[in-house]
Every structure is written in structure tokens, then in C-alpha cells.
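# Inside the fold
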Amino acid sequence: MVYLVGLLLIVLLGIAVAVAAKLQNVMGNIKSASDDEAPVPNNKINGALWILFLIAGSIGMVWSYLSAEAYFLPEASSPHGRETDSQFWFDMGLLTIAFFAVNFLLFFFAWKYQYKKGYKATFYPEDHKLELIWTAIPAVIMAVLVFLGFRSWTHIMSDAPADAQVVEIMGKQFGWVVRYGGIQDNKLGNYNYKLIDDNNSNPSGIDYSDEASFDDFINVSEMHVEVGKPVSLKIRARDVLHSVFIPHMRVKMDAVPGMPTKFWFTPDKSTEQMRAETGNPNFDYEIACTEVCGRGHFAMRLRLIVEDKASVDAWKQQQKPVLSQILEANPKFISKIPERLRAKAMDYAPYVEEIDITTATTGSATATSTSFR
Amino acid sequence: MSVVEANLEHDVHAHDEHEHHEELNFWRKYIFSEDHKVIAKQYMITGIFWAIIGAAMSVVFRLQLGFPGANLSWLKPFLGKWITETGAIDPNFYLALVTMHGTIMVFFVLTAGLSGTFSNFLIPLQVGARDMASGFLNMLSFWFFFVSSVLMFISIFLETGPAAGGWVIYPPLSALPQAHMGSEMGMTLWLLSMAIFIMSSLLGSLNYVTTIINLRTRGMTFTRLPLTIWAFMITAILGIISFPVLLSAALLLIFDRHFGTSFYLSEIYINGEALPNVGGSPILFQHLFWFLGHPEVYIVLLPALGITSEIIATNSRKPIFGYRAMIASLMAIAFLAFIVWAHHMFVTGMNPFLGSIFMFLTLIIAVPSAVKAFNYITTLWRGNIVFTPAMLFSIGLVSLFVSGGLTGIILGNAALDIQLHDTYFVVAHFHIVMGAASAFGFFAGIYHWFPKMFGRMLNNTMGQIHFWLTFAGVYLIFMPMHYIGIAGFPRRYYQFTAFDFAKSFTDMNMFISVAAILTFFAQFIFLWNFFYSIFKGKVAPANPWKSNTLEWTTPVNVGHGNWVGEIPAVYRWPYDYSKPGAPDDFIPQNVPHSQTLESNFPHENAYIAQEKEIEAQNYNDQFAAH
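Residues numbered from 1 in each chain as written. Chains lettered and ligands numbered in written order. Predicted model: local features only at pLDDT ≥ 70, side-chain atom pairs only at ≥ 80, totals over all residues. Heavy atoms only, no water.

A few words now on the overall build of chain A. A tally of helices and strands in chain A yields ten helices and ten strands. Excluding contacts between residues fewer than 6 apart, the proportion of contacts in chain A whose partners are at least 24 apart in sequence is 69%. (Helix = DSSP H or I, 4+ residues; strand = E, 2+ residues; numbered from the N terminus. Contact = heavy atoms within 4.5 Å.)

Here it is in C-alpha cells:
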């Protein structure tokens, strides 16, 4: 499609040449002829150019749309996405009619009523009836569009169904951290931004004074969700603004530090199904960032895998709770967990027998004083 | 006669300080001038300077987007270390470029450049005043703008680069120097520059409103004001109400950046450190920002629409259709402009109910906008149209205003905005409806009033070529961007290689870049025409476009004080073009009805009785000796 560029060049050059050539003509034919006719030179040429622009522009619009259509996103993979898409194209249809109608009238009148010697323009300063009509028509159309938009918007923004799969997604410079409630209690534990510690496997600040946190696991490259079941995203950011964008699902919601947001949707086409439908064996759903967040903004990619329940469960089984990773790297961490929960937390420790409880307690004192420093 | 009493009390202010007319020295005449015409030219030249820089920046980032991976080492002499060893643009610098392009174009070119030039130039000339209400504040306004420009210009050359968080400078990115290179000294200068810019804008706006209300000449009632003046006045009021809110937003951000407050910061962990700030809200900034940001769109656009109204009526040789409807729709748009700001924030997580309200209010704007478009078209209908370059740009503006405005109906719809927010669809929308349309207003204004500004004519043919290349160029650049937006491409991306869904459209992006570069170079036709004609253009006649408004009753080279002798009185509205029965196809505002008996409508004969009254009025001639 270098043709596109070529075509553009030709259009622009064509216009330039056409104007220049006609000018030569006009000037060659002695200025008097055209100068006497209109108060400014080239009036006729410019009149004609409106029609040329109208025709070339209309062809260009239709042709460019047809050639671009192939690259639009495939049909939305969520019911609400298909709803907003059909509304988008409905609105777009109306607007396209208005676009062509108004531009046609504008360009056509410009050409039709170009300066003619001796012609006197019509003194037509107002017409209340006409004005009333064309105030009322857009008002009615807008009312319909607002109503349609309002209905979809309220529906999309309603609370997530109770049976939704809850996934937390947190934006950071420059990537995402996805957190699941774990396979024991399937419940997201508390978090606290002061507990975030990149060096010790806790990038999302999971708070282990809440026992619901113990089995939570995270992933920084993939999100797996079950097909056909609502997904409730709990969205947050830990440094600057980000925005969760899942183009194929028509999902977008900002991630705001200090203010959790949410979005729910139902992915009803699995990744496999999309691979078959698009004929692209490497197809993947992707999550991108759409709120400028710094140098790496353009590359905050996360894969979204939509699959059946068995596959999601199998994947979850393979994920290691964050607590296990932390305890593996730093057994003394156990001392930071409230005493009453330690026994339960030990279930997540890989080498239970090796931990010397006295060291752990001393370690606790040290750790605490360190953390207060 | 409402004018009568409005103008009665002002002789107190009509000092005779100007009555001695010795030549001012060079500095007072051209640099620290208090003459509105000189100040207008200062704004215009500064605006053009910034427009070149802003447009050149867009060419650089279009190179990156259209030709990713191309070797741009040849830019090293200009951009230095921002071009990496491999000849690529540094991603930080890419963000700096888009940020500065936005800031420069929105504030320095289309706010200061457009309003600053034409409000300053036209208000006194069209309402019939010797100068602005306060020449000194007017001078101050320009020089504040100049200082603000200098600060912004310096920031481009900083080691860490200029501000780079997008022109909306959302915190926390803009608040934390550790978050981004552009949030260091560049952002400090940005905020400082904008604070000063806002003061400049306020001084200017207050002056415009005061002048329009107080210094209209005899007989110039509000319903006889040209639509340009109406547009400038409403724009100035918008600015007066909304810019202070941006100032407050900027001040709070300065506090967050330098004095440890937490207005916009909460629960942040960055660079291995949890910050102590809690309780603030980044969303608060967005509310404050867009409370200016949305009216700002109209601050940029309304003057262009005012200019267009005047030019289309003049060159169609017809009265503007629906003069009162035009004023009413300007007012409606301006009022609505204040209560739609959160449509920029549908997906920030604000209450969905608020989203519904803002969607409703936003879509209402389509109604007055449609009225304006229809009125323009009807003005062309059965006209006798003269295609001066100004007229071409005005018709082009209407086309862009409609084409870009229509997609606003999509984006104002909260449900549809979910997918399209922050994609190229938005970029296409606002560049057409606000960027290009307002720029066309700027061009139209320059082509139309150049003869009054410099006493010389621009070359018409070059102006026409400039128009067609620019008009085609704008559509070729921004129409394809809609497709890219529908395909989900996010804006402010350095490149699209990281995502599978954004791998297509490489040719389209190349096409857009080529169109942008060609359109950029087409502007040099204008620049050459402009600067050449200032010195060598054909000497202008007194009223080259056969226009009705008062500025054309001044001498070709307008001196200090605008009119030699008395300021003309005004007897009629400015749109008596092609009036039935009249010998000419225009009747200037200063021609009394008693002299046009052949073309008066029956009700207009009643005005003849008022002429004496108008002439007897005390008017605000600042030069008159008492």
C-alpha cells in the first residue's frame, strides 16, 4: 500500500498543477478578461475546485473506508462490546449522512453561487420557520442518541454480578501486576501501598495481616479468565495514572493511585475460538495502557487468555502463592505475620522444618526495627 | 436607545492625555507600544513564530510514527542527544514533542495568537474606539505573554527536556520528578510559564470586555455589533471565568511538587520508595484542568467562528443569515461549555451517574453548533460569492467544523467513549474541529485584514493555492486517523510494535506522515506571501472587500487613534449587503438611513428620526479635548 502514499502525492501535486496551469492560462489570456469579471482573480477556477474537491473527497472517503475496514478490530468478544459497536455504527451511519449532506450543500452552494457579473445576491437575513425546523431536528436526533447511550452506559456501569470472577489488575511503570484470590479461599486479601516491596516479591503490597491474602498469587505477564463467565476487574495503580485497555473486549478504565476503580465484562469468545475465527494461530487478547505514564507507556503489554474452566483451574494450580515465594526467599518473613496467623501462614512455607522459631522471633525484632527506620 | 445611556457617563475617563501628537520614540512605538494595532501585530508575529515551532515538532513525531525505525541521524544537528546512536528518536523526547506541540498550539498559537491578534486589532476598529480601554494593561498583557513564551522556549533546551506528560499534564506523572524526565525542570518551567500566560490572558480578556461594553461609538448598539465582536466578547468572558481555575490547578500542582502537599497525591510507591502522601486525588486535578480545558476549546474556536461569520457575509455579498440566532448560539455554546467538562473523564472511574449527566449536556451542544453550520450554508445560498483567500478559508472552516464536530457526538456518548477514549479517533476529532478549524480562522483573518494591518495586499493567487493545499492536506492527515482510532490504536504511543492488535496500518501511518509533511511545507507559501507583502505588496485600497464594518472607514495606513477627526457614528447593522433597491451591493454602518431612502424597509424609516439623537450623543473619544 505504498500506493496510498503515491496517491496522496498525486492528489496534492494534481491540485497544485491544476491551479498553477489554470493560472498560467488566465494570466496568459491577459489579466483584463478575468479581472474585470470578478473582484479577485481565479474566481471561476476556485468555484470549480469546490466541485472537484467534493467529488474527489467523496471518492476518497468511500475508497479509504473500504480499504481500511479490513484492519478494524474483529467483532467484539463481549456482549457489551457488541452492543456499543452496533450503536457506534448506527450513530456513525447517521453522522455520515449528515457529513455528506452538509459538505455537499456547502461546496455545491459555493460553486453554484459564485460571483456573476451583474447578479445581485438575495437579501435574506432570517427566516424563523426555517431556523426553528433546523433547531428542532438535531435536538430530536440528539435526544434519541442520548437515550441509547444512556441505556448502554448504565447497563455497562452497573454492579458486577455476584458470581463474577474477581481479578485485580494493578498498573505500574511499566507493566501490569495481576492478582488472584488464590485457590484455597478465592478471595483477594487486603493490600497497603506501604508494604510494596519489589525486591522481596511483593510488588502489589499484599497485606499478610489479612489471612485472605495468604493464598493470593500474582502474575506479571498473563491474565487467565474463564470464558462465558463475568469478569470483575479491580483496578488500581501504584505510581502514576494508567488505564486498562482491552481492545477486543471494548474495555477501558483508568487505574488511579489512591482510588481503586472497577470494570466488569463477560468474555464470551475463548482465545482458541478467536484463533479459529481470525485464522491467526498466534492470536492473543492483549491488555494495553492508554493513559500516558512515562517512557515505557507504549509497551505495557499483558496477555489475556480466555479459556474454559478446566484450563483456568489448571493454570491457577501452577501459580505459586506470593507468600510461598516470599518465605522461600526470606524465611524470617514469618515473623512479620501476626502471631495468631503464623501457624496458618506456615502452610505456605516451603521448608517448614528448617525454620528455627527462636531465630524467627529475634528476626522479628530486627525486622520490625528495620522497617521502622 | 440603550446605547444612549450606556455611553453617557464616560467623559470622566476621556482624558486628553493623547492630544499632543508628537512622534513617540522607537521603543514606545514598536516595542512597548500601547497602540492596539501594534500589540495585535506583536501577538500575530509571536503566534506565527510558535506555530512554526509547533508544526515542526509535529513533523518530527510524524516521522517517528510514519517511518518507525528510519534512520534520523540527519536530525542530530538540531536535536542532539535526543537522537540515539542508532538514529531513533528517544521515547522520552517523543513524549516531550507531543506535549509541547499540544501546549504550544492550544495556548500560544490558537489562544494568544488568534484572540490576541484579532481581538486586539478588531475590537477598537469595529466598535469605533480610539484604542483599548487600557492601553497600558494591553501592553502588559502582551509582555506577560512574551515572558511566558520565553520561559517555555527555554524549557525546550533543558538537559532533561521540556514537560512531557501530555499537554494535560495529569499528576501524579507531572508531580513526581522521579516518575519521568519531563517532570523535572521542564515541568517547573511549564507551570511557571502557564501561570504567567494566564495572567496575560486575563489582562487581555478584561480589556476586551471593558472596551466592547464602554467604548462603542455613537449608535453602536449591541445589536449592531459585528459578529466578530460578539464572538470576541463571549470568548473573553469564557477566559475570565475559566482561566483562573487552571491557575488554581497549576498552583496546587506547584505546591505538590515543591512544598510537600498532597492535593493530587495518594498512596504512591515509586522508585523503590513509598511516598508519605495520602488523601489527595489525581482526579481532582482533572476536574480543575478540564473546567478550563473544555471552555478552552471554545476560547480557541469561537473567535474563528466570529471571523468566519464576518468574512462569509462580506464575500457572499449577503447579510449573515440569522444574526440573532448566531449570537444566541454563541451564548448557548459558551454557557454549555462550562458544564460539560467531565466528558473528558468518562473512564476515570467517576460516578457513572455523573457520566450520564455529562453525556446529556454534551450532546446538547450539537444543537447550537448545527444552527451555526446551517446559518453559514444559508448565507452562501443565492449569494454572489467572491473567492478571496479569506473566503476560501472561511468556507473550509465551516466544512472542518461540521466534519470534526460530528464525531464529537460519538465521543460525547459515554458508552461509545469507553472504546474510543484516548485513541486516534479522539486525535482526529479534535484536530479537525478545534485545531484545523481555528487555524483556518486565523488564516482567514490574516488574509482578510492584512490590508488594514499593513496597508498592502497579499497575493490572492498564492493565497488560493495555499488554501487548497492546506484544505486537502488537513483532510488527508486527519480523516485516516479515524480509521486508526476505530482499530483501537492508543494515542501518545512512541511506536506500535509492542502489540499485535496495533501492528496493522503501517502504510496508513506513513500516508498520514507524508500528508503532514507536505502540508507543513505548503505553509511556507503563506509565510513567503506574508512577509513579502508586508514590504512589497500592492498598496491596498481603502475598502478592498467592499465591507460594511467601521474599520474600513479609517485611512489605509491607520494612525494612532484610528480615525482622523471624529469617530464615525453608526446607524445600521453591519450586514446590509445586496439590499434591494440600493445602488451598491453594500451599505457601510456609518451611512445613515436618511441617505438610503431608496433601499430602506418601512420600519427603517423610523430610524431616521433617531439620527440626530445619535449624532448628539456624547461618545467615548479618548482623544477629544474637553
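When helices and strands are tallied, chain B shows 19 helices and two strands. Over its C-alpha trace chain B gives a radius of gyration of 25 Å, about what one expects of a compact globule, namely 25 Å for 626 residues. Taken over 626 residues, chain B has a buried fraction of 71%. Taking the contacts inside chain B whose residues are at least 6 apart along the sequence as the reference set, 78% of them involve residues at least 24 apart. Element-wise, carbon and sulfur atoms account for 68% of the exposed surface of chain B, whose accessible area totals about 19,100 Å². Taking the 28 positively charged and 35 negatively charged side chains of chain B as two groups, their mean positions are separated by 9 Å. (Rg over C-alpha atoms; globule rule 2.2 N^0.38 Å. Buried < 20%, exposed > 50% of the residue type's maximum accessible area, 1.4 Å probe, protein only. Areas by Shrake-Rupley, 256 points an atom, 1.4 Å probe, with all protein chains shown as cover. Lys, Arg positive; Asp, Glu negative; His and termini not counted. Charge placed at Lys NZ, Arg CZ, Asp CG, Glu CD.)

The subject of this paragraph is the side chain of Thr470 of chain B. In this structure, Thr470 of chain B sits in helix 16 (residues 460-486). Setting aside residues up to four positions removed in sequence, Thr470 of chain B forms contacts with Phe440, Thr519 and Gln523 of chain B.

Residue and element names in this part refer to chain A. Taken in spatial order, the five strands line up as 4-10-9-6-7 in an open sheet, and their pairing is mixed. In this open sheet, the two strands that pair with only one neighbour each are strand 4 (222-226) and strand 7 (251-255). Between one strand axis and the next, the sheet turns through 25 degrees on average, direction left out of account. Inspection of the sheet shows strand 4 paired to strand 10 (residues 302-307) by five bridges, in the parallel sense. (Pairing = 2+ DSSP bridges. Axes fitted to C-alpha atoms, helices over the stretch in contact; angles between N-to-C directions.)

Below, the discussion takes up helix 15 (residues 424-454) of chain B. Residue and element names in this part refer to chain B. The principal kink in helix 15, of about 45 degrees, is found at His448, preceding the proline Pro451 by one to four residues. Buried residues dominate helix 15, accounting for 29 of its 31 residues. Following helix 15 by one or two positions, Gly455 adopts a phi angle in the positive range, close to 70 degrees. (Bend = angle between axes of the 7 residues up to and from the residue.)

We now examine the sheet that holds strand 2 (residues 175-180) of chain A. One key point about sheets: their strands pair by backbone hydrogen bonds, in either a parallel or an antiparallel sense. Residue and element names in this part refer to chain A. With mixed pairing, five strands are arranged side by side in an open sheet as 3-2-1-5-8. Pairing within the sheet leaves two strands with one partner each, and these edge strands are strand 3 (217-219) and strand 8 (261-265). With strand direction ignored, the average angle separating the axes of adjacent strands in the sheet is 25 degrees. Bridge count between strand 1 (residues 165-172) and strand 5 (residues 231-237): seven bridges; the pairing is parallel. In the sheet register, Ile169 faces strand 5, and the bridge partner there is Ile235.

Further remarks concern the pattern of salt bridges. Residues and elements named next belong to chain B. Scanning all chains against the criterion turns up 29 salt bridges over all chains. For Arg317, the salt bridge identified is with Asp585, shortest N-O distance 2.9 Å. One end of the pair, Arg317, is in the loop between helix 9 (282-316) and helix 10 (323-337); the other, Asp585, is in the loop between helix 17 (506-536) and helix 18 (605-608), and 268 residues separate them in sequence. (Salt bridge = Lys/Arg side-chain N within 4 Å of Asp/Glu carboxyl O.)

Moving on, we come to the pairing of strand 9 (residues 285-289) of chain A. All names here are of chain A. Extensive coverage of strand 9 is indicated by the burial of five of its five residues. By the alternation rule, side chains of strand 9 split into Tyr285, Ile287 and Cys289 and Glu286 and Ala288, which are all buried. Here two bridges tie strand 6 (residues 242-246) to strand 9, and the two strands are oriented antiparallel to one another. What sits directly across from Phe245, in strand 9, is Ala288. Pairing analysis gives three bridges linking strand 9 to strand 10, with the strands arranged antiparallel. Each residue of the ladder has a partner; that of Ile287, found in strand 10, is Leu302.

This next bit is on the environment of Thr99 of chain B. Residue and element names in this part refer to chain B. Topologically, Thr99 is positioned in helix 5 (residues 91-127). Thr99 sits 83 residues away from Gly182 along the chain, and the two C-alpha atoms are 9.6 Å apart. Dropping the residues within four chain positions of it, Thr99 is found in contact with Ala163, Ala164, Gly165, Gly166 and Trp167.

Relative to the helices and strands, Ser547 of chain B is located in the loop between helix 17 and helix 18. Looking at Ser547 of chain B, its side chain comes within polar contact range of the side chain of Tyr577 of chain B, at 3.3 Å. (Polar contact = N/O pair within 3.5 Å; in protein donor to acceptor, adjacent residues only side chain to side chain.)

The next point concerns unusual backbone geometry. Looking along the chain, the bond that leaves Gln173 of chain A and enters Phe174 of chain A is cis, with omega of -10 degrees. On the secondary structure map, Phe174 of chain A appears in the loop between strand 1 and strand 2. Cis peptide bonds are those with omega within 30 degrees of zero, and the linkage from Pro171 of chain B to Pro172 of chain B qualifies with 5 degrees. Looking at the element boundaries, Pro172 of chain B is found in the loop between helix 6 (135-156) and helix 7 (185-214). Unusually for a residue other than glycine, Asn186 of chain A sits at a positive phi of about 50 degrees. In the Ramachandran plot, Arg250 of chain A falls in the positive-phi region, its phi being about 60 degrees despite a non-glycine side chain. By the element assignment, Arg250 of chain A lies in the loop between strand 6 and strand 7. Look at Arg250 of chain A and you get buried, because its relative accessible area is 4%.

The next subject is the nonpolar core. Ranked by internal contacts, the top residues of the largest apolar core, which has 295 residues, are Trp50, Met223 and Leu233 of chain A together with Phe107, Phe118, Ile446 and Phe471 of chain B. In terms of residues, this core owes the most to one element, helix 5 of chain B, which gives 22 residues. The residue makeup of this core includes at least three contributed by each of domain 1 (29-115 + 130-156) and domain 2 (165-324) of chain A. Not counting residues within four places of it along the chain, the set of residues in contact with Ile446 of chain B comprises Met44, Ile48, Phe118, Leu458, Phe526 and Phe530 of chain B. Listed in part, the 18 residues of the second largest apolar core include Leu323, Leu341, Ala345 and Ala349 of chain A. (Core = buried A, V, L, I, M, F, W, Y, C linked by side-chain atoms within 4.5 Å. Domains from an automatic or database assignment.)

A few words on the packing of helix 8 (residues 227-258) of chain B against helix 10 of chain B. Residues and elements named next belong to chain B. In the contact formed by helix 8 and helix 10, the axes pass within 10 Å of each other and the chain directions differ by 15 degrees. Taken as axis vectors, helix 8 and helix 10 run roughly parallel relative to one another. The chirality of how helix 8 crosses helix 10 is right-handed. Across the interface between the two elements, Leu227, Trp230, Ala231, Ile234 and Leu238 from helix 8 touch Tyr323, Met326, Ile327, Leu330, Met331, Ala334 and Ala337 from helix 10. For the contact of helix 8 with helix 10, the per-class residue count stands at twelve nonpolar, no polar and no charged. (Parallel < 35°, antiparallel > 145°, perpendicular 65-115°, else oblique. Left-handed = near helix turned anticlockwise from the far one by under 90°. Nonpolar A, V, L, I, M, F, W, Y, C, P; charged D, E, K, R; others polar.)

Take the environment of Lys332 of chain A next. Residue and element names in this part refer to chain A. Along the chain, Lys332 falls in the loop between helix 8 (322-329) and helix 9 (339-346). For Lys332, a relative accessible area of 48% puts it in the partly exposed group. Between the C-alpha atom of Lys332 and that of Pro161, which follows or precedes it by 171 residues, the distance is 41 Å.

Moving on, we come to a nonpolar patch on the surface. All names here are of chain A. The grouping of Phe90, Leu94, Ile97, Ile133, Ile137 and Ile141 at the surface amounts to a nonpolar patch, some 530 Å² of accessible area in total. At the level of elements, helix 4 (79-112) and helix 5 (128-156) are the ones that each hand at least two residues to the nonpolar patch. Mapped onto the elements, Ile141 comes out in helix 5. (Patch = residues over 30% accessible without salt bridge, like charges linked within 9 Å, V, L, I, M, F, W, Y side chains within 5 Å.)

With that settled, consider the domain arrangement of chain A. Residues and elements named next belong to chain A. Under the domain assignment, chain A is made up of domain 1 (29-115 + 130-156), domain 2 (165-324) and domain 3 (330-373). At the junction of the two partners, domain 1 supplies 14 residues and domain 2 supplies 15 residues. Buried area between domain 1 and domain 2, summed over both chains or domains, comes out near 1,100 Å², and the portion from carbon and sulfur atoms is 51%. When residues of domain 1 are sorted by the area they lose upon contact with domain 2, Leu73, Ser77 and His80 head the list and together hold 43% of the total. Our count for the contact surface shared by domain 1 and domain 2 stands at three salt bridges. Across the salt bridge formed by Asp268 and Arg82, the nearest N and O atoms sit 2.5 Å from each other. Inspection of the region where domain 1 meets domain 2 yields nine residue pairs in polar contact (both at pLDDT 80 or more). Counting only elements with at least two residues in the side of domain 1 that touches domain 2, the list comes to helix 4 and helix 5. Element by element, the count of residues in the side of domain 1 that touches domain 2 is highest for helix 4, at six residues. Looking at side-chain class alone, the side of domain 1 that touches domain 2 contains five nonpolar, six polar and three charged residues. (Buried area = accessible area lost by both parts, 1.4 Å probe.)

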